[in-house]
Amino acid sequence: MTTSAFKNKDEIRGLFSAAMSEMYKSEVPQYGKLLDLVAHVNASILQGDPQVERNLIQSGEMERLSAERHGAIRVGTPSELSTLRRLFAVMGMEPVGYYDLAPAGVPVHATAFRAVEEGALNKSPFRVFTSLLRLELIDDAQLRQVAHDALHARNIFTPKAMELIQLHEASGGLTPDQAEIFVAEALETFRWHSSATVSHDAFNKLQQQHRLIADVVAFKGPHINHLTPRTLDIDRVQADMASHGIVPKAVIEGPPKRRVDILLRQTSFKALNEHIAFPGEEGDVKGSHSARFGEIEQRGAALTPKGRALYDKLLLAAKAELGAAPSEANALQYTEIMERVFQEFPDDLKTLHDQGLLFVRYYPAQDRLASYQGADLKQWSLEELIARGLIKYSPVIYEDFLPVSAAGIFQSNLGSEASEAGLSGSSLSEFEKALGSSVRNEFPLYEAIQANSLKSSLNAIHAV
Ligand code: OOG
Ligand code: NI
């Protein structure tokens, strides 16, 4: 079989993300409400500023505006994690970035499965933030055993999904028919199950240890716990949630509102309390659990290591000044502190670029090139070409996550017992061992986009 007979992996990812969205909307009606609000806000932004719409059409993003950008799941064993890696590979998604949530008191470490090529990201940017529970952090040995047994007794993948994963590995792709079956079978892994696999008593004990532990251990599978569409104005959606009957988390995670968006801003509605049944209790609803929520995101420029270090430094300073976890009680104060502290972060594209704080995509200014016919453009440095308006640039969009923000998202959905005290002992090498492969560092991916764009811009200019 020739490779062209295979279904394109980006298309499989697109189908999967659409199927997941449909499933989640029917499972969590509140999520459908959030989608409506986001669509409403996006539409009014587009109406108010035709330039935004032109930009989106030009960059080919318009049709995907309302498609989800990411989702998240949490798994319990190395084998679950490594099989997920193989499952996501069918859809062209690779593990990028390592996120250690232990310092924020959340007993997981994580990666994001996503497409890495620019063209692939444009086709479907859908990613899955995937956390591995660190069982060793359960200090009660008996409870640790209960958790271990429950996790090892379950199989979160359907036999057909396994078969198609193996087929993909053996032949390098799936035909359109196989891909369609794969999407339906893979979806099963992410479905919600309203009955727990452990006793009510064990469930309570797991919850007491950490709500997250119960969420991962006590169910048949790693239900998708949120999906996240993109909004054109996150502050508006945050402000409007309450009047739409949606309870927002206290603060927007990530950088404050700025002229040049950087990294990632996120907020969510709080996880809903859902009834669950326990084994042996014959459909008698005995308990409840809150795990599933809806989130929105707004992405900005990817920062260089230098820019990222400045972001981390300022975020740390702002959090230290607040002196407590952000909450409803100090939300206004948090926003005031963040805006003030982040004044140290340049907020115009030229300074950000000249100081090497963000990654950019360079492009030749075709309209200006004509007037330089015959000139020896090779003698000019990049700075000079930019100063003469022959090379322009725009920010490369950040495609990854932020550990402090992720911890904030976890905590706002785990209730008040979420601990601020740091846990210790996780490591990238442990995670990679569980994953069965290394995770890619995100910085070289952005670096390559910038370097390639510079190279093709210079080629175009030198060809004049
Ligand atoms: C994942 C939280 C992290 C994000 O957007 O930062 C996340 C989880 O709650 O499982 O999705
Ligand atoms: Ni998220």
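Since the model is a prediction, treat every value here as computed from it, not as a measurement.

A. Spotlight on the overall build of the protein chain. When helices and strands are tallied, the protein chain shows 19 helices and eleven strands. Taken against the 2.2 N^0.38 rule, which gives 23 Å for 464 residues, the C-alpha radius of gyration of the protein chain at 23 Å falls within 12% of a compact globule. When the backbone C-alpha atoms are referred to their principal axes, the protein chain occupies close to 85 × 60 × 45 Å. Looking at the protein chain as a whole, 53% of its 464 residues qualify as buried. Taking the contacts inside the protein chain whose residues are at least 6 apart along the sequence as the reference set, 76% of them involve residues at least 24 apart. If you sum the accessible surface of the protein chain, you get close to 20,100 Å²; carbon and sulfur atoms cover 52% of it. Charged side chains of the protein chain number 47 positive and 59 negative; the gap between the two group centres comes to 3 Å.

B. Representation of the layout of surface pockets within the structure. Approximately 1,500 Å³ is the volume found for the largest pocket. Those elements giving two or more residues to the lining of the largest pocket turn out to be helix 3 (50-58), helix 5 (118-123), strand 9 (294-299), strand 11 (391-395) and helix 19 (442-462). Considering every element that reaches the lining of the largest pocket, the biggest residue donor is helix 3, with five residues. Per-class residue counts for the lining of the largest pocket are 14 nonpolar, nine polar and 18 charged.

C. Structural detail: the site of ligand 1. In the region of ligand 1, the neighbouring residues are His70, Ala72, Arg74, Phe129, Asn225, His226, Gln266, Glu295, Phe401, Ala406, Ile409 and Phe410. Residue His226 places a side-chain N or O atom 2.9 Å away from an oxygen atom belonging to ligand 1. Gln266 places a side-chain nitrogen or oxygen 2.4 Å from an oxygen atom of ligand 1. Starting from 310 Å² of accessible surface for ligand 1 in isolation, the protein chains cover 100%. Spatially, ligand 1 is embedded in the largest cavity. Counting only elements with at least two residues in the shell around ligand 1, the list comes to strand 1 (70-75) and helix 17 (403-412). Residues belonging to the shell around ligand 1 are distributed by class as follows: six nonpolar, four polar and two charged.

D. Representation of the coordination of the nickel ion (ligand 2) in the model. Around the nickel ion (ligand 2), the donor atoms from the protein are His70 (NE2), His226 (NE2) and Glu295 (OE), and they sit 2.0 to 2.1 Å away. Read from N- to C-terminus, the donor residues coordinating the nickel ion (ligand 2) fall into the pattern H-x155-H-x68-E. With a gap of 69 residues between them, His226 in strand 5 (residues 226-228) and Glu295 in strand 9 connect regions that are remote in the sequence. Looking at His226, the relative accessible area reads 5%, which means it is buried.

E. Representation of the packing of aromatic side chains. If you walk through the whole model with that rule in mind, you get 18 aromatic pairs. Ring geometry for Tyr372 versus Trp380: centroids 5.7 Å apart, planes at 85 degrees, classification edge-to-face. The class for Trp380 is buried, based on a relative accessible area of 17%. Above the face of the Phe401 ring, Arg299 is positioned so that its terminal group lies 5.5 Å from the ring centre. A cation over an aromatic ring shows up here: Arg388 above the ring of Trp380, its NZ or CZ 3.8 Å from the ring centre.

F. Structural context of helix 19. Over its 21 residues, helix 19 runs 31 Å from end to end, which matches the ideal 30 Å to within 8%, given 1.5 Å per residue. For helix 19, the complete set of buried residues consists of Glu442, Leu445, Tyr446, Ile449, Gln450, Ser453, Ser457 and Ile461. In an axial view of helix 19, the angular spread of the buried residues amounts to 140 degrees, which keeps them on one side of the axis. N-capping of helix 19 is provided by Asn441, with a side-chain oxygen placed 2.9 Å from the backbone N of Phe443.

Cut-off values and rules
Residues numbered from 1 in each chain as written. Chains lettered and ligands numbered in written order. Predicted model: local features only at pLDDT ≥ 70, side-chain atom pairs only at ≥ 80, totals over all residues. Heavy atoms only, no water. Helix = DSSP H or I, 4+ residues; strand = E, 2+ residues; numbered from the N terminus. Rg over C-alpha atoms; globule rule 2.2 N^0.38 Å. Buried < 20%, exposed > 50% of the residue type's maximum accessible area, 1.4 Å probe, protein only. Contact = heavy atoms within 4.5 Å. Areas by Shrake-Rupley, 256 points an atom, 1.4 Å probe, with all protein chains shown as cover. Lys, Arg positive; Asp, Glu negative; His and termini not counted. Charge placed at Lys NZ, Arg CZ, Asp CG, Glu CD. 1 Å grid on protein atoms, 1.4 Å probe; cavity = no way out; pocket = protein on both sides within 12 Å on 5 of 7 lines; lining within 4 Å. Points joined across faces, edges and corners; volume = space filled by probe spheres on them. Nonpolar A, V, L, I, M, F, W, Y, C, P; charged D, E, K, R; others polar. Near = heavy atom within 4 Å. Polar contact = N/O pair within 3.5 Å; in protein donor to acceptor, adjacent residues only side chain to side chain. Sits in = over half its atoms within 2 Å of the grid points. Donors = N, O, S within 2.8 Å, 3.2 Å for Na, K, Ca; no water. Phe/Tyr/Trp six-rings, centres within 6.5 Å; stacked < 30°, edge-to-face > 60°. Lys NZ or Arg CZ within 6 Å of the ring centre and 35° of its normal. Expected span 1.5 Å × (residues − 1). Arc of directions from axis to C-beta.

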